[in-house]
Amino acid sequence: MKRKMFTIGGSALMIGLLATGSQLRAAEAPFYEGKTLRFLIASGPGGGTDTAGRLVARYLPKYLPGSPKIIIQNMGGGGGTIANNYFVSEVKPDGLTIMQDSSSSVASFVRGGPAIKYDPRKFKIIGGVARPGTLLMIRNDARPRFTNKSAKPVVVGDTDGIRNWIAMTVWGAEYLGWNLRWIYGYPGSRELQLAIRQGEIDIWATQNAKLVKDLQREGVVQIIGTEEDQRREDFPDAPTFLELLGAKKPTGLSWQAYQAWAGAPELDKYLVAPEGMADHLVKQLREAFTKVMKDPEVDKEGDKFFGDGWRAIGAEKLDAVIRDHIAIPKEAKDYITKLRNKYNLPVGDAKS
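Since the structure is predicted, the reported quantities are computational estimates derived from the model, not experimental observations.

Asker: Explain the side chain of Gln100 to me, please; I cannot follow it from the model alone.
Answerer: Structurally, Gln100 can be placed in strand β3 (residues 97-102). Among all residues touching Gln100, those that are not within four sequence positions of it are Phe39, Leu40, Ile41, Ala42, Thr49, Ala52, Gly53, Lys269, Tyr270 and Leu271.

Quick look at the structure:
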């Protein structure tokens, strides 16, 4: 009897040890092991936001503990508004959904209006990519009309009329006499590239070196300039917007408003997690993102699509840039609204 009781007790102890071992192994397993991470992209396919997002998504499982599967979902529209509103209202902070965002959603937030249901300052920043400055292009056959106010206006095409590079065209019209009119409503970069190729629009801008070089190679466009303070290394003949302005560069409130609309160069494409996501998961994502950006293959792919000079931006820096951009003075916002009204561009409600 004693031997039987010992055998039963020994078996119970063994079962308990095995169970404890299983629990420990389960506790040690990475959170993302065996899971699927949804990667939401706040734009349509084919543009810079999509390209940056897919580049990160392709390599993220390599460096994220647990190597989850990645499902990409594009959600374009409204300068990032549709995706951001969805991210706030529908996405749970369970670590299984992140979003590739861009400066356009910050611009939409600053512009304000009843459609804006999100606040970029509340998201958990994972990291970002800053590409070289936007290249403003014009069709070769439209160049003679560019500064000729007696000619048919040159058509600027955009998705929503509020993107950062649009500031160059507005200040160009205001201070350099550019003969422009604006149309917007295109779904994304793919459609805009087709539109300028076919002559449906005359001016468009992108930071994507490959798209620009394709259009140049086809003999469709020439570059007007770039928005950065320094010329791009891969397009050394393209003057900066400051060079184009020259002595006509405005000062005071006007230039403050321009900088507020054009945005900081660090604020380009960035990855976010929803408010409320556990800090340890955000930390894992940030560390994985940092490793992705140091991968030689990512560097090679980035050069191919973005051109030389693109760089990774850390979460802390991006968070500060977003907050500074949103905190522009009301006077600067009012000046932007004034010019948008003057040139028939979309105007939202003021937002503090």
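Asker: Help me understand the packing of aromatic side chains in this model?
Answerer: Remark: the centre distance and the inter-plane angle together describe each pair of aromatic rings, the angle taken between the planes. Under the counting rule described, the total for this entry stands at 12 aromatic pairs. Joined through ring pairs, the aromatic side chains of Phe146, Trp171, Trp178, Phe241, Trp255, Tyr258, Trp261 and Tyr335 make up one cluster. The ring of Phe31 is capped by Lys35, whose NZ or CZ atom sits 4.5 Å from the centre of that ring. Over the face of the ring belonging to Trp261 we find Arg340, whose NZ or CZ atom lies 4.2 Å from the ring centre.

Asker: Help me out: how do you make sense of the packing of helix α5 (residues 166-175) against helix α9 (residues 252-262) in this one?
Answerer: Any two packed helices are characterised by how steeply their axes cross, that is the angle between the axes, and by the distance between the axes. Remark: α5 packs on α9, axes separated minimally by 8 Å, with the N-to-C direction vectors making an angle of 155 degrees. Between α5 and α9, the interaxial angle falls into the category roughly antiparallel. The two elements α5 and α9 cross, and the hand of that crossing is right-handed. In contact with Ile166, Ala167, Met168, Val170, Trp171 and Tyr175 of α5, α9 contributes Ser254, Ala257, Tyr258, Trp261 and Ala262. Of the residues belonging to the contact of α5 with α9, the class tally is 10 nonpolar, 1 polar and no charged.

Asker: Can you walk me through the pattern of salt bridges in this structure?
Answerer: Two side chains with opposite charge may pair up if their charged atoms get near one another. In the structure shown here, the tally under the stated rule is 18 salt bridges. Where Asp160 meets Arg163, a salt bridge forms, and the shortest distance between an N and an O atom there is 4.0 Å. We note a salt bridge from Arg217 to Asp214, for which the minimum N-O separation is 2.3 Å. With a gap of 3 residues between them, Arg217 and Asp214 both fall in helix α7 (residues 209-217), about one helical turn apart. The exposure class assigned to Arg217 is exposed, which follows from its relative accessible area of 62%. Asp214 gets classed as buried once you look at its relative accessible area, which sits at 15%.

Asker: I tried to follow the confidence of the model for the protein chain on my own but got confused; where do I start?
Answerer: A low pLDDT means the predicted coordinates there should not be read in detail. Per-residue pLDDT for the protein chain averages 89, and the proportion of residues at 70 or more is 91%. Model confidence for the protein chain, summarised as mean pLDDT per element, is weakest for helix α1 (residues 2-28) at 51 and strongest for strand β1 (residues 36-41) at 98. Counted against residues more than four places away or in other chains, residues 1-8, with its pLDDT under 50, gives 0 contacts.

Asker: Help me understand the pairing of strand β7 (residues 180-184) in this model?
Answerer: Two faces, one strand: in a regular strand the side chains alternate between the faces of the sheet. In terms of strand pairing, strand β6 (residues 154-158) meets β7 through 5 bridges, oriented parallel. Its bridge partner being in β7, Val155 is matched across the sheet by Arg181. With α5 bridging β6 and its parallel neighbour β7, the resulting β-α-β unit is right-handed.

Asker: What should I look at first to understand a negative patch on the surface in this one?
Answerer: Among the surface-exposed residues, Glu233, Asp299, Asp303 and Asp308 lie close enough to one another that they form a single negatively charged patch. For Asp299, the location among the structural elements is in helix α11 (residues 296-306).

Asker: Any chance you could explain the side chain of Ser103 here in plain terms?
Answerer: Note on placement: Ser103 falls in helix α4 (residues 103-111). Separated by 3.5 Å, the side chains of Ser103 and Asn164 make a polar contact. Look past the residues within four positions of Ser103 in its chain and what remains in contact with it is Asn164, Leu267, Asp268 and Tyr270.

About the cut-offs
- Residues numbered from 1 in each chain as written.
- Predicted model: local features only at pLDDT ≥ 70, side-chain atom pairs only at ≥ 80, totals over all residues.
- Heavy atoms only, no water.
- Helix = DSSP H or I, 4+ residues; strand = E, 2+ residues; numbered from the N terminus.
- Contact = heavy atoms within 4.5 Å.
- Phe/Tyr/Trp six-rings, centres within 6.5 Å; stacked < 30°, edge-to-face > 60°.
- Lys NZ or Arg CZ within 6 Å of the ring centre and 35° of its normal.
- Axes fitted to C-alpha atoms, helices over the stretch in contact; angles between N-to-C directions.
- Parallel < 35°, antiparallel > 145°, perpendicular 65-115°, else oblique.
- Left-handed = near helix turned anticlockwise from the far one by under 90°.
- Nonpolar A, V, L, I, M, F, W, Y, C, P; charged D, E, K, R; others polar.
- Salt bridge = Lys/Arg side-chain N within 4 Å of Asp/Glu carboxyl O.
- Buried < 20%, exposed > 50% of the residue type's maximum accessible area, 1.4 Å probe, protein only.
- pLDDT = per-residue confidence, 0-100.
- Pairing = 2+ DSSP bridges.
- Right-handed = clockwise from strand over helix to strand, strands pointing away.
- Patch = residues over 30% accessible without salt bridge, like charges linked within 9 Å, V, L, I, M, F, W, Y side chains within 5 Å.
- Areas by Shrake-Rupley, 256 points an atom, 1.4 Å probe, with all protein chains shown as cover.
- Lys, Arg positive; Asp, Glu negative; His and termini not counted.
- Charge placed at Lys NZ, Arg CZ, Asp CG, Glu CD.
- Polar contact = N/O pair within 3.5 Å; in protein donor to acceptor, adjacent residues only side chain to side chain.

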